[in-house]
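This is what each chain is made of:
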Amino acid sequence: EIAEAYKNYLTLESWKTPIKTNYILILSFSTLLIVFMALWVALRMSRGITDTIQMLAQATEEVAKGNLEKNVDIRRDDEIGLLVGSFNKMVKELKESKERSERSRLLIENILKNINSGVISLDISGNILTINTVACAILNISPDEVINKNYSVLLSILKSEELKEIVKSIRISEFRGIE
């Protein structure tokens, strides 16, 4: 029995190295498989985030160029979805604001065209925004000469000391822009 047990021991001893090697190979393969699966999942998740942010960045560039029709169509329930929703809302409000501003500008221009007095409007910086046809006729200038230029350009064209004194007496800081 001892001889038989010793023989079995030697047989088992000879299988020790191959079994150990097989276990190490299986464990290594399983570890590599888990690492690559985790990497694949991480890449998929990051691509989902970066693709969305890249689309949002491209849409931002379009809006910056003046395209207020741009809309990012992504439905997500996370922070990225909240960011996209806020972006779309901002673009919509910008578009509505621009339309209101354009309507107001057209209304003011229409009123200025039909008024019998010369009217010149300035922005806060002193740049001429509008000048009606009556003012152009009185001052004998064309609108292209002064629109979007500082009022000092108009004064230099007219070379009128009396007008310069009137303008100097007006305190521009007391006026506010139309809102």
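These notes cover the structure that comes with them. Every chain is numbered on its own, with residues counted from 1 as its sequence reads. Since the coordinates come from a predicted model, pLDDT governs what is reported: local features require at least 70, and pairs of side-chain atoms require 80 or more to be given and counted, while whole-chain, interface and lining totals use all residues. In computing side-chain properties, one takes all heavy atoms of the structure into account and sets aside hydrogens as well as water.

1. Side note on the overall build of the chain
Logical step 1: We count a stretch as a helix when DSSP gives it H or I for four or more residues in a row; a strand needs E for two or more, and each element gets its number in order from the N terminus. Along its length, the chain carries 6 helices and 2 strands.
Logical step 2: Mapped from its N terminus to its C terminus, the chain presents α and β elements in the order α-α-β-β-α-α-α-α.
Logical step 3: Relative to the 2.2 N^0.38 estimate, which gives 16 Å for 179 residues, the radius of gyration of the chain is 39 Å and therefore markedly larger than a compact globule would have.
Logical step 4: Working definition: with a 1.4 Å probe on protein chains only, accessible area under 20% of the residue-type maximum means buried, over 50% means exposed, and in between means partly exposed. Relative to its full complement of 179 residues, the chain shows a buried share of 14%.
Logical step 5: Across the chain, the fraction of contacts at a sequence separation of at least 24, relative to all contacts at a separation of at least 6, is 26%.
Logical step 6: Just so you have it, the chain exposes about 14600 Å², and 60% of that area is on carbon and sulfur atoms.
Logical step 7: Charged side chains of the chain number 23 positive and 24 negative; the gap between the two group centres comes to 1 Å. We compute the radius of gyration over the C-alpha atoms and compare it with the globule rule, which gives 2.2 Å times the number of residues raised to the power 0.38. Contacts between residues were defined by any pair of non-hydrogen atoms, one from each residue, lying within 4.5 Å. Computed with a 1.4 Å probe, the accessible areas rest on the Shrake-Rupley method; for each residue, only the protein chains presented here act as cover. Neither His nor the chain ends is counted toward charge; the positive residues are Lys and Arg and the negative residues Asp and Glu. The atom standing in for a charge is NZ when the residue is Lys, CZ when it is Arg, CG when it is Asp and CD when it is Glu.

2. Some points on helix α1 (residues 2–64)
Logical step 1: Multiplying 1.5 Å by the residue count of a helix minus one yields the expected span of that helix. Taking 1.5 Å of rise per residue, the 63 residues of α1 would be expected to cover 93 Å, and the 90 Å separating its terminal C-alpha atoms lies within 8% of that figure.
Logical step 2: One axis is fitted to the seven residues ending at the residue and one to the seven starting there. The bend at that residue is the angle between these axes. Maximal helix bending in α1 amounts to about 35°, located at Lys 16; proline Pro 18 follows within four positions.
Logical step 3: By the burial criterion, the buried members of α1 are Thr 52, Leu 56, Ala 59 and Val 63.
Logical step 4: Looking at the buried positions of α1, the neighbouring elements they touch are α2 (79–114).
Logical step 5: Looking at the residues trailing α1, positive phi occurs at Gly 66, about 110°.

3. Some thoughts on the nonpolar core
Across soluble globular proteins, nonpolar side chains have a tendency to be buried as a group.
Logical step 1: Leu 56, Ala 59, Val 63, Leu 68, Val 72, Ile 74, Ile 80, Val 84, Phe 87 and Val 91 form the largest nonpolar core, which has 10 residues in total.
Logical step 2: Among the secondary structure elements, those contributing two or more residues to this core are α1 and α2.
Logical step 3: The element that contributes the greatest number of residues to this core is α2, accounting for 4 residues.
Logical step 4: Not counting the four nearest positions on each side in its chain, Leu 56 is found in contact with Val 72, Leu 83, Val 84 and Phe 87.
Logical step 5: Nonpolar cores were defined as sets of buried Ala, Val, Leu, Ile, Met, Phe, Trp, Tyr and Cys residues, with membership established by side-chain atoms within 4.5 Å. Formed by 7 residues, the second largest nonpolar core is a distinct cluster that contains Ile 128, Ala 135, Cys 136 and Ile 141.

4. Here we look at a nonpolar patch on the surface
Logical step 1: Candidates for patches are residues over 30% relative accessible area with no salt bridge; among them, like charges are joined within 9 Å and nonpolar side chains (Val, Leu, Ile, Met, Phe, Trp, Tyr) within 5 Å. Salt bridges are counted wherever a side-chain nitrogen of Lys or Arg sits within 4 Å of a carboxyl oxygen of Asp or Glu. A grouping of Leu 32, Phe 36, Leu 39 and Leu 43 is seen on the molecular surface, where their side chains present a nonpolar patch of about 420 Å² in accessible area.
Logical step 2: Tracing the backbone shows Leu 43 in helix α1.
Logical step 3: By relative accessible area, which is 51% here, Leu 43 ends up exposed.

5. A closer look at the side chain of Thr 52
Logical step 1: Secondary-structure assignment places Thr 52 in helix α1.
Logical step 2: Note on Thr 52: relative accessible area 5%, which makes it buried.
Logical step 3: Among the polar contacts listed, one links the side chain of Thr 52 to the side chain of Arg 76, at a separation of 3.2 Å.
Logical step 4: Not counting chain neighbours up to four residues away, the residues in contact with Thr 52 comprise Ile 74, Arg 76, Ile 80 and Val 84. In protein, a polar contact requires one atom able to donate a hydrogen and another able to accept it; more generally it is a pair of N or O atoms within 3.5 Å, and residues adjacent in sequence count only if both atoms are side-chain atoms.

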